[in-house]
Amino acid sequence: MDNNLSLTLKIWRQNDAKAKGRFETYSLDKVSPDSSFLEMMDILNEQLVNEDKEPLAFDHDCREGICGMCSLYINGRPHGPDDDITTCQLHMRRFKDGETITIEPWRSAGFPVIKDLIVNRSGFDQIIAAGGYTSVSTGGVPDANAIPIPKPDADEAMDAASCIGCGACVAACKNGSAMLFVSAKVSHLALLPQGKVEAVRRAKSMVSKMDELGFGNCTNTGACEVECPKGISIANIARLNREYLCAKIQD
Amino acid sequence: MKLDSRIPQGPLAKKWENYKNNQKLVNPSNKRNLDIIVVGTGLAGASAAASFGEMGFKVKSFTIQDSPRRAHSIAAQGGINAAKNYPNDGDSVHRLFYDTVKGGDYRAREANVYRLAQVSNDIIDQCVAQGVPFAREYGGLLDNRSFGGAQVSRTFYAKGQTGQQLLIGAYQSLMRQVNAGTVDLHTRTEIVEIVIVNGKARGVIARNLVTGEFTRHFAHAVVLATGGYGNTFFLSTNAMGSNGSALIKAFEKGAAFANPCFAQIHPTCIPVHGEFQSKLTLMSESLRNDGRIWVPKKKEDAEAIRANTLKPTDIKEEDRDYYLERRYPAFGNLVPRDVASRAAKERCDAGFGVGATGLAVYLDFKSSIERLGEETIRSRYGNLFQMYDKIVDDNPYETPMMIYPAIHYTMGGIWVDYELQTTVPGLFAAGEANFSDHGANRLGASALMQGLADGYFVLPYTIQNYLADDIRTPRMTGEEKEFVDAENAAKAKFEKILAVKGNRTVDNLHKELGLVMWDFVGMARNKEGLQHAIERIGEIKKEFWTNVKIPGTTSGMNVELEKASRLSDFITIGDLMARDALQREESCGGHFREEFQTEEGEALRQDEAFAYAACWMYQGENNAPVMEKEDLTFDVVKIAQRNYK
């Protein structure tokens, strides 16, 4: 096809967590504009293996924008130059023929690089483990319709719960703060009667875990909201601050 | 081997209660001394591991992803079924059971399916208590919608992200147990061997995907919840990492693999558009609630559309063939998935397909938008429409979506008895990994139901019944001969793959396998094609072991090596699927043999000869597997030709 793209790719390579990284440059021809960004990466890897070179390591799985695994920093933006999408939903029609594309991993103190474009996001799991749940065990719960929940509350909780835990918010933040992630979970649960019971305790323990893990402070730049592929609102951060303040007053 | 399904005595509706009343229990002080390994952290694995931890067992949980929350259950869109009958439209446990057995084309075990329907209501209660934000009505109560194969609205949903919300609920419960110290979580870790000691499953060998290091793990019981094997086809709606390797490890250790040929082809996926394509994207079945499926009535219109000289919106109402509504007036666009997929293939094969390739049909929301308004449609399916727009670069509010069937789910899997135990004592299988509840075809919104039923409400009972006899078995250290041998065998396989040093990449070989599967073991199968497929898969196997090219070593992260190991298992599965499809000389559910169809082209079962689960037993690396039968009896359901007209 005539409209295929030829690209120059500047990609971050790093052997392991301790190694020093560097940019390497690759060129790639005949990329269909209908292919996804990660399919372009597949084509590059196929080419590298055929040339007896080591393929690039990058995280990806569902390739439909829901698992939160893919995490590339493309031309200076988490998930690349399109709004409300994950890297796997980015398509090559967004790029021009002859363009140079710079691809990096998430860069943040809370997300150390494991290899090439893969970072360690286990901090998010640790924050959830610190309190991001309702403390109910299997069985012995009331009927699902026993407590009516106003539709606007349920809808707002759903919006907060749609966070996919990809970490773009942290990568976008100049302070490396995880406040959008934490506040989305705190809001999701605090908005529902089932989660309200533990709301104050939850906010406190999740925030203190976040601080302990080396994520930065929030200075309300709003960069996280702009880059969030699921459109999570920074209004959640205000709600988290309220819950957190309550916790502090109670102490 | 005799396959004993161990179905409890008593009338169908009382079996589960009878089982629970008579099963053995483990007291709290003994639970602390009993270890359970759970492989996989999707709905079945996460819910099982969390529940075991809450009960006081010591649990080890393994996932190949960086977090349990990434498991592919997360991608399920449409919803989860339950027999709550909140809409008062005549639903009941019995009706959900009946619809599921019928939807599975009478190839599932009655007792298991009845239990599934019974616990379905508990799942919804559990999830709401966890804070799953299901859709609600203005009165504050839960909303329901309808799905294929049912005439009631029994599907609970959370926008188009139901799987995500249910998985996050299970994941949070799991992380709560990690925090409590009852669950030891291993991320980016793959199970490469199952360890058998004195005939019982006693642990696993794991490989750390970051360091390449092999480790040994003991447990009193092992649960496999690693999902299905749809990626055998290379292109499927499964995630890139979804694989069938744990199932093959179990198969090679003596676990029967049941009904491998029962794979579901989902009717509403975004069509294939190029050779570089890495996966297919599903558009939720829920769209069929408000979308109408059609192709042009006139061949010349279809040709003009393919040549890009005519737009679908230019075709007049009377020139559109709403073929599902025409053929199946009672269920219309909501016929089960297998029926809808075959009907799409039939129209495209007859020359009425649209899109550049002619392998697509329309899913049109025009009349729903006119009836309900764009806002309502946006609130119901907004994220799906956005997803479609990003991939195809076309606005489905204005132009109808193009869809085509794709491999989506596998009903077959590791054979389990009523307790979800495989033919290897101490080895259990849950969720999509087992074969148990969906027969030859799964109804929409039933996968989430089954995964959570197995994990929250079945295994926590049945695994106790097994472990109660094991309270005197001390923990092993991992230094035992069986563990050392298993680790060495796993290492040897990886070394052998690396040693090939051939010329073809893993993906290149996998694509070849996928094409053979799609062409001959796909939507329509016949004897000749299946025999050809078995031969071709044998050739691909040989090619793999003589010509695969893997860079790097076993130490450190080596993605190509991981993929190669999984591909070698997909080749084994492909062979099993083709053999199973060849022996099953009937059409049922997702398995359509061209030789067995009615005059109208509907699937024609052969109940006298084939009302059984086909269970394949491993016979060693160089021998063909042998099939055993578990006969299916239907005491309550009246077996009949499925009719959705």
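Residues numbered from 1 in each chain as written. Chains lettered and ligands numbered in written order. Predicted model: local features only at pLDDT ≥ 70, side-chain atom pairs only at ≥ 80, totals over all residues.

### Structural notes on the overall build of chain A
Along chain A, the regular secondary structure elements total 9 helices and 7 strands. Across its three principal axes, chain A shows a C-alpha extent of roughly 60 × 40 × 35 Å. Across the 251 residues of chain A, 55% fall into the buried class. Taking the intrachain contacts of chain A between residues at least 6 apart in sequence as the baseline, contacts between residues at least 24 apart amount to 71%. (Helix = DSSP H or I, 4+ residues; strand = E, 2+ residues; numbered from the N terminus. Buried ≥ 20, exposed ≤ 12 C-beta atoms within 10 Å, placed from the backbone. Contact = placed C-beta atoms within 7 Å.)

### A word on the overall build of chain B
Counting its secondary structure elements, chain B contains 18 helices and 19 strands. The C-alpha extent of chain B, read off along each of the three principal axes, is 75 × 60 × 50 Å. Per-residue burial for chain B yields a buried fraction of 61% across its 645 residues. Partitioning the contacts of chain B with sequence separation of at least 6, the portion at a separation of at least 24 is 74%.

### What to know about the domain arrangement of chain A
Residue and element names in this part refer to chain A. Each assigned domain of chain A is listed here: domain 1 (5–115) and domain 2 (122–135 + 147–250). Taking the mean C-alpha position of each, domain 1 and domain 2 sit 28 Å from one another. Counting residues at the interface gives 18 residues for domain 1, matched by 17 residues for domain 2. Here the side of domain 1 that touches domain 2 is composed, by residue class, of 8 nonpolar, 7 polar and 3 charged. (Domains from an automatic or database assignment. Nonpolar A, V, L, I, M, F, W, Y, C, P; charged D, E, K, R; others polar.)

### What to know about the environment of Ala-330 of chain B
Structurally, the position occupied by Ala-330 of chain B is in the loop between α9 (323–327) and α10 (337–349). Residues within four places of Ala-330 of chain B in sequence aside, it is in contact with Tyr-644 and Lys-645 of chain B.

### Section: α10 of chain B
Three- or four-residue spacings in an α-helix give side chains the same orientation, since the helix completes a turn every 3.6 residues. Residues and elements named next belong to chain B. The end-to-end C-alpha distance of α10, which contains 13 residues, comes to 18 Å, matching closely the 18 Å that a straight helix rising 1.5 Å per residue would cover. Taken across its 13 residues, α10 has 11 buried, putting it largely inside the fold. The complete set of buried residues in α10 reads Arg-337, Asp-338, Val-339, Ala-340, Ser-341, Arg-342, Ala-343, Ala-344, Lys-345, Arg-347 and Cys-348. Elements in contact with the buried residues of α10: β11 (263–269), β12 (292–296), α9, β14 (361–364) and β15 (401–410). In the segment just after α10, Gly-351 is the residue with positive phi, at about 100°. (Expected span 1.5 Å × (residues − 1).)

### Description of the interface of chain B and chain A
Taken together, the contact pairs 64 residues of chain B with 66 residues of chain A. At the level of elements, α3 (43–55), α5 (110–130), α6 (162–180), α12 (374–392), α13 (447–467) and α17 (559–583) of chain B are the ones that each hand at least two residues to the side of chain B that touches chain A. When residues in the side of chain B that touches chain A are grouped by element, the largest group, 9 residues, is from α6 of chain B. Grouping the constituent residues of the side of chain B that touches chain A by class yields 24 nonpolar, 25 polar and 15 charged.

### Some words on the nonpolar core
All names here are of chain B. Counting residues in hydrophobic clusters, the biggest one holds 289 residues, and the most contacted among them are Ile-36, Val-223, Leu-224 and Ile-414. The element that contributes the greatest number of residues to this core is α13, accounting for 12 residues. Discounting chain neighbours no more than four positions away, the residues touching Ile-414 are Leu-224, Leu-247, Ala-250, Ala-255, Phe-257, Thr-422, Ala-429, Ala-433, Asn-434 and Phe-435. (Core = buried A, V, L, I, M, F, W, Y, C linked by C-beta atoms within 7 Å.)

### Details of the domain arrangement of chain B
Residues and elements named next belong to chain B. In terms of domains, chain B is made up of domain 1 (267–407) and domain 2 (481–606). The partner domain 2 presents 6 residues to the 6 residues of domain 1 that form the contact. Per element, the largest residue contribution to the side of domain 1 that touches domain 2 is 5 residues, and it comes from α10.

### Notes on the sheet that holds strand β6 (residues 189–197) of chain B
Residues and elements named next belong to chain B. The strand order across the open sheet formed by 3 strands is β6-β7-β8, and the pairing between neighbours is antiparallel. A single partner strand is all that each edge strand has here, and the edge strands are β6 and β8 (214–218). The mean inter-strand angle of the sheet, taken between neighbouring strand axes irrespective of direction, is 25°. Those strands touched by helix α14 (residues 481–500) are β6, β7 (200–208) and β8, and its axis lies near 140° from that of β6. (Pairing = 2+ DSSP bridges. Axes fitted to C-alpha atoms, helices over the stretch in contact; angles between N-to-C directions.)

### Here's the deal with the pairing of β7 of chain B
Residues and elements named next belong to chain B. Buried residues dominate β7, accounting for 7 of its 9 residues. Where β6 and β7 come together, 8 bridges link them in antiparallel fashion. Across the sheet, the residue bridging to Glu-193 is Ile-205, located in β7. In textbook terms, the turn of a hairpin is the stretch between consecutive antiparallel strands, and for β6 and β7 this stretch comprises 2 residues, one of which, Asn-198, has a positive phi near 50°. The pairing of β7 with β8 spans 5 bridges and is classified as antiparallel. Bridge assignment links Arg-207 to a residue of β8, and that residue is Phe-214. Counting the residues that bridge the hairpin from β7 to β8 gives 5 residues, and of these Gly-212 lies at a positive phi of roughly 80°.

### What to know about the sheet that holds β11 of chain B
Within a beta sheet, neighbouring strands are joined by backbone hydrogen bonds and run either parallel or antiparallel to one another. Residue and element names in this part refer to chain B. If you trace the 5 strands from one edge of the open sheet to the other, you get β11-β15-β14-β12-β13, paired in antiparallel fashion. Edge positions in the sheet fall to β11 and β13 (320–321), since each has one partner strand and no second. Inspection of the sheet shows β14 paired to β15 by 3 bridges, in the antiparallel sense. Bridge assignment links Tyr-362 to a residue of β15, and that residue is Met-402. Sitting on the sheet, α10 is in contact with β11, β12, β14 and β15, with an inclination near 65° to β11.

### A few points about helix α3 (residues 151–161) of chain A
Within α3 of chain A the residues assigned to the buried category are Ala-154, Glu-156, Ala-157, Met-158, Asp-159, Ala-160 and Ala-161 of chain A. Along its buried surface, α3 of chain A packs onto α5 (179–190) and α9 (235–250) of chain A together with α6 of chain B.

### Some details on unusual backbone geometry
Comment: phi is negative for the bulk of residues other than glycine, and the bulk of peptide bonds are trans. If you check the backbone angles, Asp-84 of chain A has positive phi at about 55° while not being a glycine. For Asp-84 of chain A, the location among the structural elements is in the loop between β4 (77–78) and β5 (100–105). One non-glycine residue with positive phi stands out, namely Lys-159 of chain B, at about 45°. Here Lys-159 of chain B shows up in the loop between β4 (155–156) and α6. Judged by local crowding, Lys-159 of chain B falls into the buried class, with 23 C-beta atoms found within 10 Å.

### What about the pairing of strand β19 (residues 626–631) of chain B?
Residue and element names in this part refer to chain B. Little of β19 sits inside the fold, with 0 of its 6 residues counted as buried. Both strand β18 (residues 612–617) and β19 contribute to a ladder of 6 bridges, which runs antiparallel. Opposite Ala-614, over in β19, you have Lys-629 as the bridge partner.

### Some remarks on the environment of Phe-385 of chain B
Residues and elements named next belong to chain B. Its place among the elements puts Phe-385 in helix α12. The buried category is assigned to Phe-385, around which 20 C-beta atoms lie within 10 Å. Taking the C-alpha atoms as reference points, Phe-385 and Phe-610, 225 residues apart in sequence, are found 42 Å from one another. Apart from residues lying up to four places away in sequence, Phe-385 is in contact with Pro-396 and Tyr-397.

### A short note on the packing of α3 of chain A against α5 of chain A
Helix-helix packing: each pair is described by the crossing angle between the helix axes and the interaxial distance. Residue and element names in this part refer to chain A. Remark: α3 packs on α5, axes separated minimally by 8 Å, with the N-to-C direction vectors making an angle of 155°. Between α3 and α5, the interaxial angle falls into the category roughly antiparallel. Of the two possible hands of crossing, α3 and α5 adopt the one that is left-handed. On α5, the residues touching Ala-157, Ala-160 and Ala-161 of α3 are Ala-184, Ser-187 and His-188. Class assignment for the residues of the contact of α3 with α5 results in 4 nonpolar, 2 polar and no charged. (Parallel < 35°, antiparallel > 145°, perpendicular 65-115°, else oblique. Left-handed = near helix turned anticlockwise from the far one by under 90°.)

### Some words on the environment of Cys-261 of chain B
All names here are of chain B. Within the fold, Cys-261 resides in the loop between β10 (257–258) and β11. When the 24 C-beta atoms within 10 Å are taken as the criterion, Cys-261 is described as buried. Once the C-alpha coordinates of Cys-261 and Leu-632 are considered, the two residues, 371 residues apart in sequence, prove to be 17 Å apart. Not counting the four nearest positions on each side in its chain, Cys-261 is found in contact with Gly-412, Met-577, Asp-580, Ala-581, Arg-584 and His-591.

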